[in-house]
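Residues per chain are reported as follows:
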Amino acid sequence: MRASLLLLLLTLACLANTQHQALIDYLERRLLAIEDRISLWQEQTARYASELRELKLQMVSQLEALDKEKEGLRIHLDSVGTRVDRVERELDYLETQTGAQPCVDVDDKLIEQQVSLVQEKQKNKYYQLSDCGDMISSIKAMKILKRVGGPKGVWTKDTGLNSGKLYIFNSTDQDIVYEFSSVQDFTRSSGLTLSKKLKLPMAFKGTGQVVYKNFAYYVSQEEDKIVKFDLSSAKMTDSAILPFQDYIPVYTLNSETLIDLAVDEEGLWAIYATRQSDQYISLAKMDVKTLDIEQMWESNCPRENAEAGFVICGTLYVVYNTQTPGRSRVQCVFDVNGLVSSDEAPLVYFPKRYGSHASLKYNPQEALLYAWDDGYQILYKLELKKKLEI
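Residues numbered from 1 in each chain as written. Predicted model: local features only at pLDDT ≥ 70, side-chain atom pairs only at ≥ 80, totals over all residues. Heavy atoms only, no water.

A. View of the state of the cysteines. This structure, assessed with the given rule, holds two disulfides. Two residues, Cys 132 and Cys 313, share a disulfide whose sulfurs are 1.6 Å apart. Taken together, the positions of Cys 132 in the loop between helix H2 (108-129) and strand S1 (134-147) and Cys 313 in the loop between strand S14 (306-312) and strand S15 (315-321) put the pair 181 residues apart, joining distant regions of the chain. Looking at Cys 313, the relative accessible area reads 0%, which means it is buried. In this model, Cys 301 is linked to Cys 332 through a disulfide, with the two sulfur atoms separated by 2.1 Å. Judged by the torsion about the S-S bond (-85°), the Cys 301/Cys 332 disulfide is left-handed. Here Cys 332 lies in strand S16 (residues 328-335) and Cys 301 lies in strand S13 (residues 293-302), a separation of 31 residues in the sequence. Here Cys 301 and Cys 332 have matching classes, each one buried. (Disulfide = S-S within 2.5 Å. Helix = DSSP H or I, 4+ residues; strand = E, 2+ residues; numbered from the N terminus. Buried < 20%, exposed > 50% of the residue type's maximum accessible area, 1.4 Å probe, protein only.)

Below, the structure written as structure tokens:
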């Protein structure tokens, strides 16, 4: 009996152990299943978070692109508006110049008197706007800084700001302008190594480039357009085709330059020549904002044997090569206000140098001429005097 009881107890114990083990196995399987589901949930959560981050980045990128496109459209619309205004002004000008023909004969002498009266009014109007009365007295000093680049080119400071930045336009047909933070950086640079390269939208033509109030103005090789280039954003902000026909090189000794742009105390000028008046150099005052022509003059300065020109206080100075090798002089002066003539102006000779001036750029803030001569960068210090002191 006791043995049977022990056997029963052992049987019950074995049965309990079996059930307990089965319960444990069941719980372990459930825990493993829960862990698998948690792991799967974590993977899905991480994937969803990654996708959300990528979607956020894409949205940010698209918003930035839309902002840029919006800004580009705004600039384009502003440019279109400016050009529409310019076309309207040109149409108004053409209408005033090509009015209806009179039905009666008009005396030729009366017409000449009226034309002279209009020209005199234009001259007086310009003179009233001009408060600059300096002219060249002599070349005070000459300094050769270095030699870099080809035989022809342009180097100049920003003539409208005190930033001190220097710009190099090497050759006569490139699409790169080199920017130096100062003249000191330019002089200690090995070639152009310390410069910042700025890519132009169109290659320049000749040596007529100038820099004024953080904008570069130059003549492009495409259609001989005047291009206005923002040096800060490295973008073209405007362009214009000047209302002159049949351009010819403005200087016979610098045949690559059709239009020579210049800056003085009063703003932007264009020195040019046309086939209709092929023996002489012409001058035009330009609006730096719209590139419109404000006034035009035909000077008495011949193109023959001319190598370069510049403007000071509304007076055009044309430099000619002399019979003496390595010497040149200001041989013709044209003042838009009629205060100075070539006969009254002092004789200004440039010191002996290497070849022929490829460009002469006047800086009104420093009273300096930035000259490019056979690859040499030269500074001429000018001595100025009042025009009325002649």
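Moving on from the model shown.
B. Focus on the nonpolar core. The biggest cluster of nonpolar side chains holds 24 residues, and the ones touching the most others in it are Phe 310, Ile 312, Tyr 317, Phe 350, Leu 360 and Tyr 380. Elements represented by at least two residues in this core include exactly S1, S14, S15, S16, strand S17 (348-350), strand S18 (357-363), strand S19 (368-373) and strand S20 (376-386). The dominant element in this core, judged by the number of residues it contributes, is S20, at four residues. Once residues within four sequence positions are removed from consideration, Phe 350 is found in contact with Ile 139, Phe 310, Val 319, Arg 327, Ser 328, Arg 329, Val 330, His 357, Leu 360, Leu 369 and Tyr 380. (Core = buried A, V, L, I, M, F, W, Y, C linked by side-chain atoms within 4.5 Å. Contact = heavy atoms within 4.5 Å.)

C. Focus on the packing of aromatic side chains. Summed over the entire model, instances satisfying the criterion amount to seven aromatic pairs. For the ring pair Trp 155 and Tyr 370, a centre distance of 4.7 Å and an interplane angle of 70° mean the geometry is edge-to-face. Of the two residues, Trp 155 sits in strand S2 (residues 153-157) while Tyr 370 sits in strand S19, which places them 215 residues apart along the sequence. This pair shows no difference in class: Trp 155 is buried, exactly as Tyr 370 is. Ring centres of Phe 169 and Phe 204 lie 5.6 Å apart, and the angle between their planes is 80°; this geometry places the pair in the edge-to-face category. Of the two residues, Phe 169 sits in strand S3 (residues 166-170) while Phe 204 sits in the loop between strand S5 (196-199) and strand S6 (210-212), which places them 35 residues apart along the sequence. Exposure class is identical for Phe 169 and Phe 204. Each is buried. Aromatic rings pair up to connect Trp 155, Phe 180, Phe 186 and Tyr 370 into one cluster. Sitting over the ring of Trp 269, Lys 285 keeps its end group 5.7 Å from the ring centre. (Phe/Tyr/Trp six-rings, centres within 6.5 Å; stacked < 30°, edge-to-face > 60°. Lys NZ or Arg CZ within 6 Å of the ring centre and 35° of its normal.)

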